[in-house]
Amino acid sequence: MIVVHNALIERGSFRLTADLTVPAGRICAIVGPSGSGKSTLLEAIAGFLPLASGHIRINGEDITVRPPSERPVTLLFQSNNLFPHLDVERNVGLGLKPSLSLTPADRRAIADVLDEVGLADLAARRPAELSGGQRQRAALARVLLRQQPALLLDEPFAALGPALRDEMLALIDALVLQRGIAVLMITHAPEEARRIAHLTALCMEGRIDGARSTDEVFANPGPELAAYLGIGS
Amino acid sequence: MTGKFSLCVLFFGGIALALLLALTLGALVVVGMQGAEAGALTSPDWRALVFTLEQAFLSAALSVLFAIPLARALARRRFWGRDTLTSLLGAPFLLPVIVAILGVIAVWGRSGWIADAMGWAGLGRLNVYGMPGILIAHVFFNLPLAARLILQGLADLPPERWRVAAQLGIEGRALFRLVEWPAIRASAPGAFALVFLVCATSFAVALALGGGPRATTLELAIYEAASYDFDLGRAAKLAGLQFAVCASAALIAFVVSAPVAASPGALTLVERWDGRSRASRIGDSAIILTVCLFLGAPMLAIFLRGVVGLDDLTGVVWAAAGRSLVVAALAILITLTLSLGLAALIVALHIRGARIVARLVDLAGLLPIAASPFVIGIAFIIVLRPVADPFALALLLTAIVNAAMATPFALRILIPAIRLAHDEHGRLADSLGLVGLTRLRVLYWPRVRQPLGFAAGLSGALAIGDLGVIALFSTPSEPTLPLLMHLLASSRQIDAAYGAALVLIALGFGVFWLFDRLGRP
């Protein structure tokens, strides 16, 4: 479970206030115009930006002041999640051991997660030899291997075509349900939110005020979201 | 593009190309013909060749070796003055060589700070002349250049890479191996090749700190053959050798990295989460402080001794400063003419789909890197002697050689700007029917003005500080400021030399600042 409680994040003159809870095994979409602070929230949860005030808790643990590597979360980026000169197996293996001294047991665990994301045959390839979708799957495999309770997605599938994106969303959907991971996902596409997000939170002008059920949000969007989506309310 | 405009481009571009080819390949033909009559290489010739390669290799190796930890430390530390420091790393590129040499002597020389300290500690005296002094001076100049190139390599890494590493807890040696080393391995060979190339044409440093049979570079040997022995045949033979060395080094540099110029401004770097341990903080502080001392002490020494020496400045210094300004003004004019003509030609060829021709002209623009100043200088003497007195044309010839040397850098600065202007708004200008001067003013000028100012400033500062071919052409009675400083220093009027150094620094950076400023809207 991800809990962001009364958080204030300052970045230069920009301020974001956020209150948000994502239960375990649930996917929450963050919807809003660019520049409204969506990425800022994810960076703060991952530990790349400090909080001016408030708290962040994951599965009950307060992680507000921990460095990025000691937070049980993974932030997946749109690109460059993999190191270009390492093959897929070792890129995923970094999730277990940064030193990359992998034991046979480690390698079996890596093979298992690669199998889960459908990359079992590509373990020896380097990122340059993979398609965009395959690269993001490899990054996802590393997330699974780390067995962390929270996953943050900063439009990681925005660069993929519609069919691949559907596939990746289905994969996220399946894995999250299976493992009870809490997912926070930025998206520009309302249909993406409708498709897999149980919850949707609006991010408008530096403010995020909790998440509601996705169906409810889109059935009753309110003036701000309606204006953003370009629909009459 | 309309026919009229591109005819104009072809005309001026063609003239610029012809001039540049004459200055480089033409010079090679001239020295080749003259040198062929001078017979086989003698053992002093071989010694000069071997020493040139040896000192260039060692200078490049030491510069890159120290630049790696410095760049690594600067890339991950935030401290007060960091941006200023990274900007200052670009400054030695503009610093007149003779100024740096005087600074190095003041710190490392026979009666310098370090020698005094060692004598006081009973460690004996340090002899800076010969290879050690040459290496110290070369590292002083090129360590910052190498560090900037490697820092650029680290700054060019996608920011996500540091974040992924931070999330995975990759630190220390693992981070070095996974993230930093691949970036360093990509940029360091280019830095090494560039420093090697710069040091392979070293003249002033060898003139002031080397000399004698054991520490003479090819450029110095060319100068001595032409000026002391009046043996133009041997000078031409050595010039041919110098061209071969530079052309090979330039070719290697070209293969291992894209050609680079000093880029303006500080490098902004992404935030980092590694290196918070006490040991790595101490290590980074130590390397940054050491390099600051190494680079700062000679500058401080020049300032302290220069202030004293300002009293000793006479009319001779001001006359020399005037000559240097003339050289700079001529050099700027010629650099801009050559590089604008060539840049416009290259872009026009590229747009019209003549990619291979464009690439060849582009390569021709890099030829001055292969032809060293003394190769061009000797060719001038050989060609002009029957018809005119090269020594009467000293300032003009010095300006031409300097302009040729600055042209590759100016091209690297101008071509991207002209291409950008064309790519972004060329079609719009076409559809509006903008031609001739209007097109120039509306489409190109706003984009080109700033890089043009930067290129002019660079060319002027380099020319003002030049202590190279001027030594070949000039008579001691009418020196430029850098040459006068060398003459003062070697005739033991050391205070006046340091005073003149301050004037030269002010002129060089003043000219650079002025033109860079003129370029900004």
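None of the values given here were measured: they were computed from a predicted structure. (Residues numbered from 1 in each chain as written. Chains lettered and ligands numbered in written order. Predicted model: local features only at pLDDT ≥ 70, side-chain atom pairs only at ≥ 80, totals over all residues. Heavy atoms only, no water.)

S.K.: An account of the overall build of chain B is requested, with residue identities and associated values reported.
M.R.: Helix and strand counts for chain B stand at 20 helices and 0 strands. C-alpha atoms of chain B, sized along the principal axes, occupy 80 × 70 × 50 Å. Taking all 521 residues of chain B together, the buried fraction comes to 55%. A total accessible area of about 22,400 Å² is found for chain B, and carbon and sulfur atoms account for 68% of it. Looking at charge distribution, chain B has the averaged site of its 38 positive side-chain charges lying 8 Å from that of its 27 negative ones. (Helix = DSSP H or I, 4+ residues; strand = E, 2+ residues; numbered from the N terminus. Buried < 20%, exposed > 50% of the residue type's maximum accessible area, 1.4 Å probe, protein only. Areas by Shrake-Rupley, 256 points an atom, 1.4 Å probe, with all protein chains shown as cover. Lys, Arg positive; Asp, Glu negative; His and termini not counted. Charge placed at Lys NZ, Arg CZ, Asp CG, Glu CD.)

S.K.: Provide a residue-level description of the overall build of chain A, including the pertinent values.
M.R.: Tallying secondary structure elements over chain A gives 8 helices and 10 strands in all. Rg of the C-alpha trace for chain A: 18 Å, near the compact-globule value of 17 Å for 233 residues, within the 12% margin. By principal-axis analysis of the C-alpha atoms, chain A measures approximately 55 × 40 × 30 Å. When the 233 residues of chain A are sorted by exposure, 52% land in the buried category. Across chain A, the fraction of contacts at a sequence separation of at least 24, relative to all contacts at a separation of at least 6, is 66%. Chain A carries 23 positive and 26 negative side-chain charges, and their two centres are separated by 4 Å. (Rg over C-alpha atoms; globule rule 2.2 N^0.38 Å. Contact = heavy atoms within 4.5 Å.)

S.K.: A description of the nonpolar core should follow, citing residues and the corresponding values.
M.R.: Membership of the largest hydrophobic core comes to 210 residues, with the highest contact counts inside it found for Ile2, Leu41 and Leu184 of chain A together with Ile378 and Leu481 of chain B. Top contributing element to this core by residue count: helix α6 (residues 131-155) of chain B, with 16 residues. Excluding residues that lie within four positions of it along the chain, Ile378 of chain B makes contacts with Val31, Ile222, Ala226, Leu232, Ala235, Ala236 and Leu472 of chain B. By size, the runner-up hydrophobic cluster in this structure holds 42 residues, among which are Ile110, Ala138, Ala141 and Val176 of chain A. (Core = buried A, V, L, I, M, F, W, Y, C linked by side-chain atoms within 4.5 Å.)

S.K.: Now, about the domain arrangement of chain A: what can you tell me, with residues and values included?
M.R.: All names here are of chain A. Examined at the domain level, chain A breaks down into domain 1 (1-72 + 150-171 + 181-233) and domain 2 (83-147). The straight-line distance from the C-alpha centre of domain 1 to that of domain 2 is 26 Å. Across the interface of domain 1 and domain 2, roughly 720 Å² is buried in total on both sides, 72% from carbon and sulfur atoms. Across the domain 1-domain 2 interface, the total number found is 1 salt bridge. For the salt bridge of Glu167 with Arg137, the shortest nitrogen-to-oxygen distance reads 2.2 Å. Summed over the shared surface of domain 1 and domain 2, the number is 2 residue pairs in polar contact (both at pLDDT 80 or more). A per-element tally of the side of domain 1 that touches domain 2 places helix α5 (residues 162-179) first, with 4 residues. Split into classes, the residues belonging to the side of domain 1 that touches domain 2 amount to 7 nonpolar, no polar and 1 charged. (Domains from an automatic or database assignment. Buried area = accessible area lost by both parts, 1.4 Å probe. Salt bridge = Lys/Arg side-chain N within 4 Å of Asp/Glu carboxyl O. Polar contact = N/O pair within 3.5 Å; in protein donor to acceptor, adjacent residues only side chain to side chain. Nonpolar A, V, L, I, M, F, W, Y, C, P; charged D, E, K, R; others polar.)

S.K.: Report on unusual backbone geometry, specifying residues and quantitative values.
M.R.: In the Ramachandran plot, Asn59 of chain A falls in the positive-phi region, its phi being about 50° despite a non-glycine side chain. Checked against the element boundaries, Asn59 of chain A lands in the loop between β4 (53-58) and β5 (61-62). Residue Phe230 of chain B is not a glycine yet carries a positive backbone phi of 50°.

S.K.: Break down the packing of aromatic side chains for me, with residues and values.
M.R.: Two measures describe an aromatic ring pair: the distance that separates the ring centres and the angle between the ring planes. Residues and elements named next belong to chain B. Inspection of the entire model under this criterion finds 11 aromatic pairs over all chains. Plain terms: the ring middles of Tyr223 and Tyr228 are 5.6 Å apart, the flat faces sit at 65° to each other, and that makes the pair edge-to-face. Take Tyr223: its relative accessible area is 11%, and that puts it in the buried class. Taking relative accessible area as the criterion, Tyr228 reaches 51% and is therefore assigned exposed. Here Phe454 and Phe512 contribute two aromatic rings whose centre-to-centre distance is 5.6 Å and whose plane-to-plane angle is 75°, an arrangement assigned as edge-to-face. Remark: Phe512 occurs in helix α20 (residues 494-519) and Phe454 occurs in helix α17 (residues 436-464); sequence separation between them is 58 residues. Neither residue differs from the other here; Phe454 and Phe512 are each classed as buried. (Phe/Tyr/Trp six-rings, centres within 6.5 Å; stacked < 30°, edge-to-face > 60°.)

S.K.: Break down the pattern of salt bridges for me, citing the residues and quoting the values.
M.R.: All names here are of chain B. Counted by the stated rule, this structure contains 28 salt bridges over all chains. Across the pair Glu424 and Arg447 runs a salt bridge, and its minimum N-O distance is 2.2 Å. Of this pair, Glu424 sits in helix α16 (residues 394-431) while Arg447 sits in helix α17, and the two are 23 residues apart along the sequence. With relative accessibility at 33%, the residue Arg447 sits in the partly exposed group. Members of the salt-bridge network, linked through shared partners, are Arg72, Arg76, Arg77, Glu180, Arg272, Asp274 and Asp284.

S.K.: Go over the interface of chain B and chain A, please, and point to the residues and values.
M.R.: Each partner contributes to the interface: chain B provides 18 residues, whereas chain A provides 25 residues. Interface area, chain B with chain A, both sides summed: about 1,900 Å², of which 60% is carbon and sulfur. The largest per-residue losses of area from chain B upon contact with chain A belong to Arg163, Gln167 and Leu168 of chain B, which jointly make up 37% of the total buried on that side. Where chain B packs against chain A, one counts 1 salt bridge. For Arg163 of chain B, the salt bridge is made with Glu43 of chain A, and the minimal N-O distance between the two is 3.5 Å. Linking chain B to chain A there are 8 residue pairs in polar contact (both at pLDDT 80 or more).

S.K.: I'd like to hear about a nonpolar patch on the surface, residue by residue, with values.
M.R.: All names here are of chain B. Together, Trp113, Leu300, Phe303, Leu304 and Val307 make up an exposed nonpolar region whose accessible area comes to about 470 Å². Top element by residues in the nonpolar patch is helix α12 (residues 278-309). It accounts for 4 residues. Here Leu304 lies in helix α12. For Leu304, a relative accessible area of 45% translates into the label partly exposed. (Patch = residues over 30% accessible without salt bridge, like charges linked within 9 Å, V, L, I, M, F, W, Y side chains within 5 Å.)

S.K.: Can you explain the side chain of Arg72 of chain B? Please cite residues and give values.
M.R.: Take Arg72 of chain B: it is sitting in helix α2 (residues 43-76). Leaving out residues up to four positions away in the same chain, Arg72 of chain B has contacts with Leu154, Gly172, Phe176 and Glu180 of chain B.

S.K.: Lay out helix α7 (residues 159-168) of chain B with the relevant residues and their values.
M.R.: Across the 10 residues that make up α7 of chain B, a large majority, 9, are buried. Within α7 of chain B, burial applies to Glu160, Arg161, Trp162, Arg163, Val164, Ala165, Ala166, Gln167 and Leu168 of chain B. Contacts made by the buried residues of α7 of chain B are with α1 (38-46), β6 (73-76) and α4 (132-146) of chain A together with α6 and α8 (172-200) of chain B. Phi for Gly169 of chain B, located one or two positions after α7 of chain B, is positive at around 70°.

S.K.: Could you give an account of the sheet that holds strand β7 (residues 150-154) of chain A, with specific residues and numbers?
M.R.: Residue and element names in this part refer to chain A. If you walk across this open sheet you meet the 10 strands as β5-β4-β1-β2-β10-β9-β3-β8-β7-β6, and the pairing is mixed. Single-partner strands in this sheet number two, and they are β5 and β6. Sheet strands in contact with α4 are β6 and β7, and its direction is about 175° off that of β6. Strands β3 (27-31), β7 and β8 (182-187) of the sheet are contacted by α5, whose axis makes an angle of about 135° with β3. (Pairing = 2+ DSSP bridges. Axes fitted to C-alpha atoms, helices over the stretch in contact; angles between N-to-C directions.)

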